[in-house]
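The lines below spell out each chain.
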Amino acid sequence: MFDAHAHIGDITGEALVCTASAAELDRASLFPCFAVGSIPGHGAFDERALREAAGKGGHIGEIGLDRRFPDKEGQEDIFRKALEVAMEYDRIAIIHVVREYGSLYDILSEMGVRRFIVHGYTGSAEMAERLLGLGGIISLSPRAEGARSFRKLLTLPFVTETDMATGAEERRILSAWNERLSELTGEDIGERSERIMREMLCQATSS
Ligand SMILES: [Zn+2]
């Protein structure tokens, strides 16, 4: 059972541990699968720290666009810079997006980003298909059950996540979520999600 998007808690190799700011770089890099990012509302952007994380084998995230915060242009500028680091080091970009799916798609497609996870996905099934078409994957947390597109999303490829700090409670929630989705789809979602994540994490890393 692998958590496609978690935060710093107990050390584990069973989750991709992400950060909302570069200040957590040292703690995040203790995990076998980690990412360091910068999202709106979580302090200044630190490109050097993202490069340092990538140099240590880390991925880039969470990064993204969030309409609840001002300065869309500034957000996009930072997002592009972070994506450039991910592409340069051939790392996965873990993307946080709130009500900016259109701009997100435009940036990813224009920059040719292929290795990405849109985490906590709650958008439309049509947008999910367009994002999958670029080569990325969507990740569903238990919040996805409240999305209008929920049933349709279940017919698409996806991975599963908690967005929680790693530990016993995170394990419990992930297990229940995978079980719930397995019931709805008739597939072993925990197994499938882990397989997709392991494949993605193992793709050639050139630097
Ligand atoms: Zn998160």
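Residues numbered from 1 in each chain as written. Predicted model: local features only at pLDDT ≥ 70, side-chain atom pairs only at ≥ 80, totals over all residues. Heavy atoms only, no water.

**Q** Would you take a moment to explain the nonpolar core for this structure?
**A** Proteins that are soluble and globular tend to have nonpolar side chains buried together. With 52 residues, the main nonpolar core has Leu-108 and Tyr-121 as its most contacted residues. The element that contributes the greatest number of residues to this core is helix α4 (residues 101–111), accounting for six residues. Residues Phe-2, Ile-94, Ile-137 and Ile-196 belong to the second largest nonpolar core, which totals 15 residues. (Core = buried A, V, L, I, M, F, W, Y, C linked by side-chain atoms within 4.5 Å. Buried < 20%, exposed > 50% of the residue type's maximum accessible area, 1.4 Å probe, protein only. Helix = DSSP H or I, 4+ residues; strand = E, 2+ residues; numbered from the N terminus.)

**Q** Before we go on, may I ask you to explain helix α5 (residues 125–134) in this structure?
**A** Residues spaced three or four apart along an α-helix face the same direction, because each turn holds 3.6 residues. Looking only at α5, the buried set comprises Ala-125, Met-127, Ala-128, Leu-131 and Leu-134. Viewed along the axis of α5, the buried residues span an arc of 165°, placing them on a single side of the element. Residues of α5 that are buried in the fold lie against α4, β6 (116–118), β7 (137–140) and α6 (150–153). Once α5 ends, the next one or two residues include Gly-135, with phi positive near 115°. (Arc of directions from axis to C-beta. Contact = heavy atoms within 4.5 Å.)

**Q** Help me out: how do you make sense of the coordination of the zinc ion in this one?
**A** Six octahedral donors around a metal ideally make angles of 90 or 180 degrees; four tetrahedral donors ideally make 109.5 degrees. His-5 (NE2), His-7 (NE2), Glu-62 (OE) and Asp-163 (OD) make up the full set of protein donors to the zinc ion, lying at 2.1 to 2.2 Å. Relative to the metal, the four donor atoms surrounding the zinc ion lie at angles of 87 to 173°, and the coordination shape comes out irregular. All donors of the zinc ion come from a single chain, and their spacing in sequence reads H-x1-H-x54-E-x100-D. On the criterion of sequence distance, the pair formed by His-7 in the loop between β1 (3–6) and β2 (15–17) and Glu-62 in strand β4 (residues 59–66) is long-range, its members being 55 residues apart. Classification of His-7 as buried rests on a relative accessible area of 17%. Judged by relative accessible area, which is 4%, Glu-62 ranks as buried. (Donors = N, O, S within 2.8 Å, 3.2 Å for Na, K, Ca; no water. Tetrahedral: all angles 85-135°; square planar, octahedral: opposite > 155°, others 65-115°.)

**Q** I keep staring at the sheet that holds β6 and nothing clicks. Help me out?
**A** As summarised here, the arrangement of the six strands in space is β3-β4-β5-β6-β7-β8, forming an open sheet in which the pairing is parallel. With one partner strand each, in any of the chains shown, β3 (35–38) and β8 (159–160) form the two edges of the open sheet. One ladder, built from three bridges, connects β3 with β4; its direction is parallel. Its bridge partner being in β4, Ser-38 is matched across the sheet by Ile-63. (Pairing = 2+ DSSP bridges.)

**Q** Mind showing me how you'd approach the side chain of Asp-3 here?
**A** Here Asp-3 shows up in strand β1. Although buried, Asp-3 forms no salt bridge, and the nearest oppositely charged side chain, Arg-171, lies 4.9 Å from it. At a separation of 3.2 Å, a polar atom in the side chain of Asp-3 contacts the main-chain amide nitrogen of His-5. Not counting chain neighbours up to four residues away, the residues in contact with Asp-3 comprise Glu-14, Ala-15, Leu-16, Thr-160, Glu-161, Thr-162, Glu-170, Arg-171 and Leu-174. (Lys, Arg positive; Asp, Glu negative; His and termini not counted. Salt bridge = Lys/Arg side-chain N within 4 Å of Asp/Glu carboxyl O. Polar contact = N/O pair within 3.5 Å; in protein donor to acceptor, adjacent residues only side chain to side chain.)

**Q** Whenever I open this one, the environment of Gly-135 confuses me. Can you help?
**A** Here Gly-135 is to be found in the loop between α5 and β7. Judged by its relative accessible area of 36%, Gly-135 is partly exposed.

**Q** Can you help me understand the pattern of salt bridges in this one?
**A** Any two side chains of opposite charge can pair, on the condition that their charged atoms come close. In the structure shown here, the tally under the stated rule is 18 salt bridges. Taking the shortest distance from any N to any O, the salt bridge between Lys-72 and Glu-76 comes out at 3.6 Å. Taken together, the residues span about one helical turn, with Lys-72 and Glu-76 both in helix α3 (residues 72–88) at a distance of four residues. The class for Lys-72 is partly exposed, based on a relative accessible area of 39%. With relative accessibility at 17%, the residue Glu-76 sits in the buried group. Between Asp-90 and Arg-115 there is a salt bridge, and its shortest N-O distance comes to 3.6 Å. Of the two residues, Asp-90 sits in the loop between α3 and β5 (93–98) while Arg-115 sits in the loop between α4 and β6, which places them 25 residues apart along the sequence. The class of Arg-115 is buried, set by a relative accessible area of 9%. Beyond isolated ion pairs, a larger network of salt bridges with shared partners links Arg-67, Lys-72, Glu-76 and Glu-100.

**Q** Help me understand the packing of aromatic side chains, please; the structure alone is not making it clear to me.
**A** Each aromatic ring pair is described using two quantities: the centre-to-centre distance and the angle formed by the ring planes. For the coordinates displayed, the defined rule picks out two aromatic pairs. Ring geometry for Phe-150 and Trp-177: centres 6.2 Å apart, planes at 20°, overall stacked. Taken together, the residues Phe-150 in helix α6 and Trp-177 in helix α7 (residues 168–185) connect sequence positions 27 residues apart. Overall, the relative accessible area of 5% leaves Phe-150 in the buried class. One residue, Arg-130, lies across the ring of Tyr-105, its end atom 3.9 Å from the ring centre. Taking NZ or CZ as reference, Arg-192 lies 4.7 Å from the ring centre of Phe-158, over its face. (Phe/Tyr/Trp six-rings, centres within 6.5 Å; stacked < 30°, edge-to-face > 60°. Lys NZ or Arg CZ within 6 Å of the ring centre and 35° of its normal.)

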